[in-house]
Amino acid sequence: MGTITMNTPNTLKRVLMGPGPSDVDPRVLEALSRPTIGHLDPAFLEVLNEVRELLQYTFQTGNEMTFAVSGTGSAGMETCVVNLIEPGDSMLVCINGVFGKRMTDVAERCGADTSTVEIDWGKAFEPGQIADALKKKPAKVVGIVHAETSTGVCQPLEEISKIVHDSGALLLVDAVTSLGGMNVDVDGLKIDACYSGTQKCLSCPPGLAPVTFNDAALNVIENRKTKVRSWYLDVSMIRKYWGSERLYHHTAPINMNYALLEALKMVREEGLEQRWARHLANHKTLKAGLSAVGIEYVPEAGFELPMLNAVSIPAGVDDAAVRKQLLDEFNIEIGGGLGAFKGKAWRIGLMGSASTLSNVMLFLAALEKCLADQGVKFERGASIAAATEQAGAK
Ligand SMILES: *Cc1c(COP(=O)(O)O)cnc(C)c1O
């Protein structure tokens, strides 16, 4: 047997400016530490009702079937796919980054007759590309990522939603990174199924996946010919716990639901529109600062996400060394590139509680120090000056 070491608890405090998790507010951490009660205790069932109500607010939906899956964002993805797809059903997945690829893998594992439409990473889909793919092969479900965290690309959904519905398919949207940081208008966009995660712009620890299904999606689930290929994620059973029957299915993660409720209360108190505006303003300030020292964005112009800034690493700069220095000297975490962008891009998150002017300024100052240590030539202080200007200094 190995040696058992009695380490002191991890009390490290970082500034989480990566692709998630994001900084968790002390109010949410306090909620997490409240006494655990039973999963059928009337007081806990009241917590679930409030979670649902605030998720409906955040998703902007009246969908009754709105709840939090026990698991992270990927469990939300799997819940949507496994419930909507029966083996042999056709599904079209749109791939322009890591998470579209993941959804394809999930669809294949659920037995879908999967087809894909793939475009260059860093680009957003044009509606015509989806229309063409559906003309070639109609689908029962079309899956697309709203905020592609691997590339920093924002995918407009309005026209695509129309094309998908005109073809007779259901629209499944990954809103893991977008929910709580930008407009995710489930009812307005007629999204049939949508999932998210708690640790991105909701600023809760990872562990739950908010999902919502509209009536069209529920109709498909209710009329399945075969059992859902996952016992744990079967919505027809889970809805009997989240609905009025309150039938035991699996033990809800009690304390995570306390935490999510508190995080959602903070979303409600701030107001959705104010929250989106805050994310956008801090993104613009960061962008102004980065541009001033010659750092460019990966996504095509006009499609940059407000909460996830994917930028090209300047030539000659050591990716790993800079990220290590940010962590060691400044306690700042940012993300490296994924897949095709490994070693080529940094992913700077400004998600939820971490989307603040002080984090933007701290990061720019820290990055200038790292770039200077790397021997990069730039006008010292230029990023701070540009950010100050952008933030509306007199
Ligand atoms: C983070 C993320 C996921 C996966 O969520 P996990 O919580 O890591 O399981 C899925 N899709 C997108 C767009 C994400 O950013």
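As the structure is a prediction and not an experimental result, all values here were calculated from the model.

Student: Explanation requested: the overall build of the chain in the structure shown.
Tutor: For the chain, the helix and strand inventory stands at 13 helices and 14 strands. Relative to the compact-globule value of 21 Å for 394 residues, the chain shows a C-alpha radius of gyration of 22 Å, a close match. With the C-alpha coordinates aligned to their principal axes, the bounding extent of the chain is approximately 65 × 55 × 55 Å. By residue count, 55% of the 394 residues in the chain fall in the buried class. In the form shown here, the chain has an accessible surface area of approximately 16,900 Å², with 53% of it arising from carbon and sulfur atoms. A distance of 3 Å separates the average location of the 38 positive side-chain charges in the chain from that of its 46 negative side-chain charges.

Student: Help me out: how do you make sense of the packing of helix H5 (residues 127-136) against helix H6 (residues 158-166) in this one?
Tutor: Geometry of a packed helix pair, given as the angle between the helix axes and the separation of the axes. Relative orientation of the contacting elements H5 and H6 amounts to 15°, with a least axis distance of 9 Å. If you check the angle between H5 and H6, you find them roughly parallel. Considering only the axes of H5 and H6, their crossing is right-handed. Here Pro 127, Ile 130, Ala 131 and Leu 134 of H5 come into contact with H6, specifically with Glu 159, Ile 160, Ile 163 and Val 164. Its residues assigned to classes, the contact of H5 with H6 shows 7 nonpolar, no polar and 1 charged.

Student: Sorry, what's going on with the sheet that holds strand E14 (residues 345-349) here?
Tutor: In any sheet, the strands associate via hydrogen bonds between backbone groups, in a parallel or an antiparallel arrangement. The strand order across the open sheet formed by 3 strands is E11-E14-E13, and the pairing between neighbours is antiparallel. Edge positions in the sheet fall to strand E11 (308-312) and strand E13 (335-336), since each has one partner strand and no second. Direction of pairing for E13 relative to E14: antiparallel, over a ladder of 2 bridges. Within the sheet, the bridge partner assigned to Gly 335 lies in E14 and is Arg 347.

Student: Explain the site of the ligand to me, please; I cannot follow it from the model alone.
Tutor: Around the ligand, the surrounding shell holds 13 residues, and the nearest of these are Thr 72, Ser 74, Thr 149, Asp 174 and Lys 200. Here Thr 149 contributes a side-chain N or O atom positioned 2.3 Å from an oxygen atom of the ligand. In the environment of the ligand, an oxygen atom lies 2.7 Å from a nitrogen or oxygen atom belonging to the side chain of Lys 200. Protein contact buries 90% of the 380 Å² of open area that the ligand shows by itself. Of all the secondary structure elements, the ones that give two or more residues to the shell around the ligand are helix H3 (73-84) and helix H4 (98-109). Of the residues assigned to the shell around the ligand, the class counts are 4 nonpolar, 6 polar and 3 charged.

Student: Looking at this structure, how should I read H5?
Tutor: A turn of α-helix holds 3.6 residues, and therefore any two residues three or four places apart point the same way. If you check which residues of H5 are buried, you get Ile 130, Ala 131, Ala 133 and Leu 134. Viewed end-on, H5 has its buried residues packed into an arc of 165°, placing them on one side of the element. Residues of H5 that are exposed and angled more than 90 degrees away from the buried face: Lys 135 and Lys 136. For H5, the elements touching its buried residues are strand E3 (90-95), strand E4 (113-118), strand E5 (141-145) and H6.

Student: Teacher, can you tell me more about the sheet that holds E4 here?
Tutor: The strand order across the open sheet formed by 7 strands is E2-E10-E9-E8-E5-E3-E4, and the pairing between neighbours is mixed. For this open sheet the edge positions go to strand E2 (65-70) and E4, each flanked by a neighbour on one side alone. When the angles between neighbouring strand axes are averaged without regard to direction, this sheet yields 20°. The sheet contact formed by strand E8 (residues 170-174) and strand E9 (residues 193-195) spans 3 bridges and is parallel. Residue pairing across strands places Val 173 opposite Cys 194, the latter belonging to E9. In the packing of helix H2 (residues 42-59) onto the sheet, contacts are made with E2, E9 and strand E10 (208-213), and the angle to E2 comes to roughly 105°.

Student: Sorry, what's going on with the environment of His 39 here?
Tutor: Relative to the helices and strands, His 39 is located in the loop between helix H1 (26-32) and H2. Here the alpha-carbon distance between His 39 and Pro 205, two residues 166 residues apart in the chain, equals 20 Å. Each residue touching His 39, except ones within four places of it in the same chain, is listed here: Phe 44, Leu 45, Tyr 241, Tyr 248, His 250, Thr 251, Ala 252 and Ile 254.

Student: Even after reading the chapter, I still don't get helix H9 (residues 254-270), so can you show me in this structure?
Tutor: End to end, H9 covers 25 Å across 17 residues, agreeing with the expected 24 Å (1.5 Å per residue, within 8%). Of all 17 residues in H9, 12 are buried; the element is thus mostly enclosed. All buried positions along H9 are accounted for by Ile 254, Asn 255, Met 256, Asn 257, Tyr 258, Ala 259, Leu 260, Leu 261, Glu 262, Ala 263, Leu 264 and Val 267. Here the buried face of H9 lies against H1, H2, E2, E10, helix H8 (235-242) and helix H10 (272-292). Within two residues after H9, Gly 271 carries a phi angle of roughly 95°, on the positive side.

Student: Would you mind showing me how to read the environment of Ser 353 here?
Tutor: Mapped onto the fold, Ser 353 is located in the loop between E14 and helix H12 (357-373). The spatial distance from the C-alpha of Ser 353 to the C-alpha of Asn 96 is 28 Å, given a sequence separation of 257 residues. Setting aside residues up to four positions removed in sequence, Ser 353 forms contacts with Asp 23, Asp 25 and Ser 203.

Conventions we followed
- Residues numbered from 1 in each chain as written.
- Predicted model: local features only at pLDDT ≥ 70, side-chain atom pairs only at ≥ 80, totals over all residues.
- Heavy atoms only, no water.
- Helix = DSSP H or I, 4+ residues; strand = E, 2+ residues; numbered from the N terminus.
- Rg over C-alpha atoms; globule rule 2.2 N^0.38 Å.
- Buried < 20%, exposed > 50% of the residue type's maximum accessible area, 1.4 Å probe, protein only.
- Areas by Shrake-Rupley, 256 points an atom, 1.4 Å probe, with all protein chains shown as cover.
- Lys, Arg positive; Asp, Glu negative; His and termini not counted.
- Charge placed at Lys NZ, Arg CZ, Asp CG, Glu CD.
- Axes fitted to C-alpha atoms, helices over the stretch in contact; angles between N-to-C directions.
- Parallel < 35°, antiparallel > 145°, perpendicular 65-115°, else oblique.
- Left-handed = near helix turned anticlockwise from the far one by under 90°.
- Contact = heavy atoms within 4.5 Å.
- Nonpolar A, V, L, I, M, F, W, Y, C, P; charged D, E, K, R; others polar.
- Pairing = 2+ DSSP bridges.
- Near = heavy atom within 4 Å.
- Polar contact = N/O pair within 3.5 Å; in protein donor to acceptor, adjacent residues only side chain to side chain.
- Arc of directions from axis to C-beta.
- Expected span 1.5 Å × (residues − 1).

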